Amino acid sequence: GTFVLHGNFGVAAHRHQLREYLEALNEGIGRHPATALLYAVRAELERSPSLCLYDEALRDCRKSCALAPGSAGLWANLGRAQNFAAGGRAGIGSLSRALRQCPRSGWMRAWRGAIYARLGERERALVDLNGCVSRMPWYAQAYSWRGALLNSMGRPAQACRDLDRA
């Protein structure tokens, strides 16, 4: 059998919708326990602002990476889940591993750059955020993060340009 997820659970307005998606994913995992993508999607849902199930998301990300260790995207998701669950430097190692597997990824650079920025590692953050913007000039969040970083570095004119673009 198959099952279908629909809608955008990341911005779903109602908690009960998220619970329905979670039930559908649990059913799918019950039927197909060796499918890494199901664990990854469930982790995204668990990490949503409405549920904030960070430990569960971390567990599912680890499982998805164990099932498909060659997937850069799954390692990037693990890095994000690690950072949501623990903060600090958590997640940098997994995001760095993902970038070694997929060095052209703008998303992964942005996420790692945001962690570096929160840690005060401004130069590393700037390298990653510049790398993201050069690869994905349409990604508004990267401009927002880089604008805030440039402002904190005493470069208000550049910061304003990025924040206007975001």
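Residues numbered from 1 in each chain as written. Predicted model: local features only at pLDDT ≥ 70, side-chain atom pairs only at ≥ 80, totals over all residues. Heavy atoms only, no water.

## Details of the side chain of E46
So, point 1. Secondary-structure assignment places E46 in helix α2 (residues 36-46).
So, point 2. With residues near it in sequence (within four places) discarded, E46 still touches L22, L51, C52, L53, E56, A57, R59 and D60. (Helix = DSSP H or I, 4+ residues; strand = E, 2+ residues; numbered from the N terminus. Contact = heavy atoms within 4.5 Å.)

## Observations concerning the packing of aromatic side chains
So, point 1. Counted according to the given criterion, the structure contains five aromatic pairs.
So, point 2. With a centroid separation of 5.6 Å and an interplanar angle of 35°, the aromatic rings of Y54 and F84 are classed as tilted. With Y54 in helix α3 (residues 54-67) and F84 in helix α4 (residues 72-86), this pair connects stretches of sequence that are 30 residues apart.
So, point 3. Members of the aromatic cluster, joined through ring pairs, are W107, W111, W138 and Y139.
So, point 4. The positively charged end of R80 is found above the aromatic ring belonging to W111, 4.2 Å away from the centroid. (Phe/Tyr/Trp six-rings, centres within 6.5 Å; stacked < 30°, edge-to-face > 60°. Lys NZ or Arg CZ within 6 Å of the ring centre and 35° of its normal.)

## Points about the layout of surface pockets
So, point 1. If you add up the space inside the largest pocket, you get close to 180 Å³.
So, point 2. Residue lining of the largest pocket: R80, N83, F84, W111, A114, I115, R118, Y139 and W145, and that is the complete set.
So, point 3. With four residues, the top contributor of residues to the lining of the largest pocket is helix α6 (residues 106-119).
So, point 4. Taken together, the residues of the lining of the largest pocket sort by class into six nonpolar, one polar and two charged. (1 Å grid on protein atoms, 1.4 Å probe; cavity = no way out; pocket = protein on both sides within 12 Å on 5 of 7 lines; lining within 4 Å. Points joined across faces, edges and corners; volume = space filled by probe spheres on them. Nonpolar A, V, L, I, M, F, W, Y, C, P; charged D, E, K, R; others polar.)

## Some thoughts on the pattern of salt bridges
So, point 1. A complete count under the given rule lists 12 salt bridges for this structure.
So, point 2. A salt bridge links E27 to R31; the nearest nitrogen and oxygen atoms lie 2.5 Å apart. Placement of both E27 and R31 in helix α1 (residues 15-31) is noted, with a separation of four residues, approximately one turn of the helix.
So, point 3. A relative accessible area of 38% means that E27 is categorised as partly exposed.
So, point 4. A relative accessible area of 41% means that R31 is categorised as partly exposed.
So, point 5. In this structure, a network of salt bridges that share partners links the residues R42, E46, R59 and D60. (Salt bridge = Lys/Arg side-chain N within 4 Å of Asp/Glu carboxyl O. Buried < 20%, exposed > 50% of the residue type's maximum accessible area, 1.4 Å probe, protein only.)

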